[in-house]
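# Tertiary structure, described
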Amino acid sequence: HGGRTEYQTHRNGARGLVRVYVAAPEPVLLRDFLAAVTGAAGVATAGGFRLACGAHEILVLEPAALSRRVSGFIAAHPEPHLAGMTVAARHVAAHVTAAAEACGAFIEWQPTAD
């Protein structure tokens, strides 16, 4: 992909972004906009909706639903915002780095063998 190669690897073996979480008090208000931007249809899920973007996904959830799903989420903003992400990585165990430890957005780590 070009760019600076020193930024393309990390000691934790990060391989890529799997999922992005958006916290929104009223997820339905974002559905049409995100569907138009991504070209994916929003599919209802408990507390919000999911957009499939190839092998990746965007989950837009009410803060309470996100709190139930991910322990590292902190409901600190009343407006829609990037709440966290799932990163596939080698050399890590499955865990969550809390938002307070990761510049305000949690990181959910997903171990991968490749």
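Remember, it's a predicted structure, so these values are computed and weren't measured experimentally.

With that out of the way, let us pick up unusual backbone geometry. For Cys 103, which is not glycine, the phi torsion reads 60° and is therefore positive. When you line up the elements, Cys 103 lands in the loop between strand S6 (95-97) and strand S7 (106-111). Residue Cys 103 is classed as exposed on the basis of its relative accessible area of 85%.

Right, let's talk about the packing of aromatic side chains for a bit. The geometry of two aromatic rings is summed up by the distance between their centres and the angle between their planes. By the definition in use, this model includes one aromatic pair. With a centroid separation of 5.1 Å and an interplanar angle of 50°, the aromatic rings of Tyr 21 and Phe 106 are classed as tilted. Here the residue Tyr 21 occupies a position in strand S1 (residues 14-23), and Phe 106 occupies one in strand S7, the gap between them amounting to 85 residues. Classification of Tyr 21 as buried rests on a relative accessible area of 0%.

Counting through the fold element by element, His 81 comes out in strand S5 (residues 81-89). Placed 24 residues apart in sequence, His 81 and Ala 105 show a C-alpha to C-alpha distance of 9.3 Å. What His 81 contacts, discounting residues up to four positions off in sequence, is Tyr 21, Val 22, Ala 23 and Phe 73. A polar contact is formed between the side chain of His 81 and the backbone oxygen of Glu 79, at a distance of 3.0 Å.

Quick notes on the rules
- Residues numbered from 1 in each chain as written.
- Predicted model: local features only at pLDDT ≥ 70, side-chain atom pairs only at ≥ 80, totals over all residues.
- Heavy atoms only, no water.
- Helix = DSSP H or I, 4+ residues; strand = E, 2+ residues; numbered from the N terminus.
- Buried < 20%, exposed > 50% of the residue type's maximum accessible area, 1.4 Å probe, protein only.
- Phe/Tyr/Trp six-rings, centres within 6.5 Å; stacked < 30°, edge-to-face > 60°.
- Contact = heavy atoms within 4.5 Å.
- Polar contact = N/O pair within 3.5 Å; in protein donor to acceptor, adjacent residues only side chain to side chain.

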